[in-house]
Amino acid sequence: MAEEALLAAKARDGDMGAFGELYSIVYKDLYKYALYSLRNPDEAEDAVSDCISEAIKGIKGLRDESLFRKWIFTILYRTVKKRFKARYNSAVSIESFPFEITGDEGFDEGLAEAVSVYSELSKLSADERQIVLLSVVGGYSGLEIAQMAKMPHGTVRSKLSRALAKLRGALSDDTGGKN
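Along every chain, residues carry numbers that run from 1 in the direction the sequence is written. For a predicted model such as this one, the threshold for reporting local features is a pLDDT of at least 70, and the threshold for listing and counting side-chain atom pairs is 80 or more; totals across whole chains, interfaces and linings nevertheless cover every residue. Side-chain figures throughout are based on the complete set of non-hydrogen atoms in the structure, without hydrogens or water.

J.: Just to check I follow, could you spell out the overall build of the protein for this structure?
T.: Strands are runs of DSSP state E lasting at least 2 residues, helices are runs of H or I lasting at least 4, and numbering of each runs from the N terminus. Summing up its helical and strand segments, the protein has eight helices and zero strands in all. Mapped in sequence order, the helices and strands of the protein form the string α-α-α-α-α-α-α-α. To sort residues, take the accessible area from a 1.4 Å probe on protein chains only and compare it with the maximum for the residue type: under 20% means buried, over 50% means exposed, and anything in between is partly exposed. For the protein, the proportion of its 179 residues judged to be buried stands at 40%. Here a residue-residue contact requires only that any non-hydrogen atoms of the pair lie within 4.5 Å. A sequence separation of at least 24 residues applies to 66% of the contacts in the protein between residues at least 6 apart.

Given below as structure tokens:
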């Protein structure tokens, strides 16, 4: 994290090479979050691209370089939320799953679990899905998510708890109680 803070300070001072290094550090996490939120690889790439464009424009306003990751995830959270409002209010179908599944050969348990998790995530409300992904993929605490989402901390905690309980219940049903 100290490396990220140093790079963020340089990027804030106009060093786009430093911003590029920051991007390479956070891209996978940003993309995972966007993909699981938006349920479409092209939309996820577009959301990350929009997020990065906003981050480049706003990097000079970053007050605390040690909070770069939280700052950029906040930008992505808002970008994804705008896209939800514009396009994604319906449940996802297996046809929109971002991986091609063909036959039984090569279909391992890891992919089967990924399909189950993806499917169950899509059944959560947009807010629940965002909160779960910020917690699980982003690694943010309930308080940090509350600040990012501009929601009361108690609301985030209860939504996260309910959403995780739904996921646990659904996934344990899918695996015949193995979880």
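J.: I tried to follow the side chain of Lys70 on my own but got confused; where do I start?
T.: Examined against the element boundaries, Lys70 turns out to sit in helix H4 (residues 68–87). The contact partners of Lys70, leaving out residues within four places of it in the chain, are Tyr140, Glu144, Gln147 and Met148.

J.: Explanation requested: helix H2 (residues 16–38) in the structure shown.
T.: Three- or four-residue spacings in an α-helix give side chains the same orientation, since the helix completes a turn every 3.6 residues. To estimate how far a helix should extend, the number of its residues minus one is multiplied by 1.5 Å. The end-to-end C-alpha distance of H2, which contains 23 residues, comes to just 28 Å, noticeably less than the 33 Å that a straight helix rising 1.5 Å per residue would cover. If you look at H2, its biggest bend is around 50 degrees, right at Val26. When we look at burial in H2, the residues that qualify are Ala18, Phe19, Leu22, Val26, Leu30, Tyr31, Tyr33, Ala34, Leu35, Ser37 and Leu38. Whenever a nitrogen or oxygen atom comes within 3.5 Å of another N or O atom, the pair is scored as a polar contact, on the condition that within protein one atom can donate a hydrogen and the other can accept it, and that pairs from neighbouring residues in sequence are kept only if both atoms are in side chains. One side-chain oxygen at the N-terminal end of H2 lies 2.9 Å from the backbone nitrogen of Gly17; it belongs to Asp15. After H2 finishes, the residue Arg39 shows a positive phi value of roughly 65 degrees. Bend at a given residue is defined as the angle between two axes, one fitted to the seven residues that end at that position and one fitted to the seven that begin there.

J.: Is there a simple way to think about the pattern of salt bridges in this case?
T.: Two side chains of opposite charge can pair, provided their charged atoms sit close to one another. Between Lys or Arg on one side and Asp or Glu on the other, a salt bridge is scored when a side-chain nitrogen of the former is within 4 Å of a carboxyl oxygen of the latter. Counted according to the given criterion, the structure contains nine salt bridges. Two residues, Arg69 and Glu4, come together in a salt bridge whose shortest N-O distance is 2.8 Å. One end of the pair, Arg69, is in helix H4; the other, Glu4, is in helix H1 (residues 2–12), and 65 residues separate them in sequence. If you follow the salt bridges from partner to partner, you end up with Glu4, Asp29, Lys32 and Arg69 in one network.

J.: Would you mind going over unusual backbone geometry with me for this structure?
T.: Peptide bonds are, in most cases, trans, and in most cases residues other than glycine have a negative phi. In this structure, Lys150 is a non-glycine residue whose phi angle is positive, near 55 degrees. Along the chain, Lys150 turns up in the loop between helix H7 (142–149) and helix H8 (153–174). Note on Lys150: relative accessible area 66%, which makes it exposed.

J.: Honestly, H7 in this entry has me stumped. Any pointers?
T.: Within H7 the residues assigned to the buried category are Gly142, Ile145, Ala146, Met148 and Ala149. With its buried residues spanning 165 degrees around the axis, H7 presents them on a single face. In this description, the arc belongs to the directions extending from the helix axis to the C-beta atoms.

J.: Sorry if this is basic, but what is going on with the nonpolar core here?
T.: Note on soluble globular proteins: their nonpolar side chains tend to be buried together. Buried residues of nine kinds, namely Ala, Val, Leu, Ile, Met, Phe, Trp, Tyr and Cys, make up a nonpolar core once their side-chain atoms join them within 4.5 Å. Of all hydrophobic cores here, the largest spans 46 residues; its most connected members are Leu30, Tyr33, Phe68, Trp71, Ile72, Leu76 and Leu134. Residue assignment for this core shows that the elements contributing at least two residues are H1, H2, helix H3 (41–58), H4, helix H6 (126–136), H7 and H8. Sort the elements by how many residues they give to this core and H2 lands first, with ten residues. Not counting chain neighbours up to four residues away, the residues in contact with Ile72 comprise Leu30, Cys51, Ile52 and Ala55.

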